[in-house]
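In case you want the letters, here they are:
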Amino acid sequence: RVERNTITYNAAVSACGKGGEWLPAVQLFHEMAESSVERDTITYNAAVSACEKGGQWAKALGLLAEMALARVELDTITYSAAFSAYEKGGQSDQALRILMEM
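Overview of the structure. (Residues numbered from 1 in each chain as written. Predicted model: local features only at pLDDT ≥ 70, side-chain atom pairs only at ≥ 80, totals over all residues. Heavy atoms only, no water.)

### Observations regarding the side chain of Thr 78
(1) Moving on: Inspection of the secondary structure puts Thr 78 in helix 5 (residues 76–88).
(2) Moving on: Among the polar contacts made by the side chain of Thr 78, one reaches the side chain of Asn 45 at a distance of 2.5 Å.
(3) Moving on: Those residues in contact with Thr 78, other than ones at most four positions away along the chain, are Thr 41, Asn 45, Leu 64 and Met 67. (Helix = DSSP H or I, 4+ residues; strand = E, 2+ residues; numbered from the N terminus. Polar contact = N/O pair within 3.5 Å; in protein donor to acceptor, adjacent residues only side chain to side chain. Contact = heavy atoms within 4.5 Å.)

Now the structure itself:
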């Protein structure tokens, strides 16, 4: 049996996102917290990207807000996913704000 840790969860969340399965990606993301498995920048990026690709821009933005509250470091991938989510949600002002933060 494979150990459930940050790395294995990250791989699973990312695979769900790449397969267009945003809901299982988010479920795994929340399962990590319930199982006391640390969620890192890669975890958040994978979940946000899964939501963004699945057209769930509001959920993606909620995860970004949660990421900031958890004080998880944002990186270029985070900003890119945030920009895309804001754009898809018709939030051009917020998308421009993201560009200015980068």
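More follows now that the structure is in view.
### Remarks on the pattern of salt bridges
(1) Moving on: Scanning all chains against the criterion turns up three salt bridges.
(2) Moving on: Glu 31 is paired through a salt bridge with Arg 4; the nearest N and O atoms lie 3.0 Å apart. Taken together, the residues Glu 31 in helix 2 (residues 22–34) and Arg 4 in the segment before helix 1 (6–18) connect sequence positions 27 residues apart.
(3) Moving on: A residue is classified by how much of its surface remains accessible, and Glu 31, at 25% relative accessible area, is partly exposed.
(4) Moving on: The salt bridge partner of Glu 66 is Arg 39, with a shortest N-O separation of 3.1 Å. (Salt bridge = Lys/Arg side-chain N within 4 Å of Asp/Glu carboxyl O. Buried < 20%, exposed > 50% of the residue type's maximum accessible area, 1.4 Å probe, protein only.)

### Regarding the packing of helix 2 against helix 4 (residues 57–69)
(1) Moving on: Helix 4 packs onto helix 2 with a crossing angle of 20° between their chain directions and a minimal axis gap of 12 Å. Considered as vectors, helix 2 and helix 4 are oriented roughly parallel to each other. Viewed along their axes, helix 2 and helix 4 form a crossing whose handedness is left-handed. For the pair formed by helix 2 and helix 4, the contact residues are Val 26, Phe 29 and His 30 on the first element and Lys 59, Leu 63 and Glu 66 on the second.
(2) Moving on: For the contact of helix 2 with helix 4, the per-class residue count stands at three nonpolar, one polar and two charged. (Axes fitted to C-alpha atoms, helices over the stretch in contact; angles between N-to-C directions. Parallel < 35°, antiparallel > 145°, perpendicular 65-115°, else oblique. Left-handed = near helix turned anticlockwise from the far one by under 90°. Nonpolar A, V, L, I, M, F, W, Y, C, P; charged D, E, K, R; others polar.)

In short, shape yes, function no, at least from these values alone.
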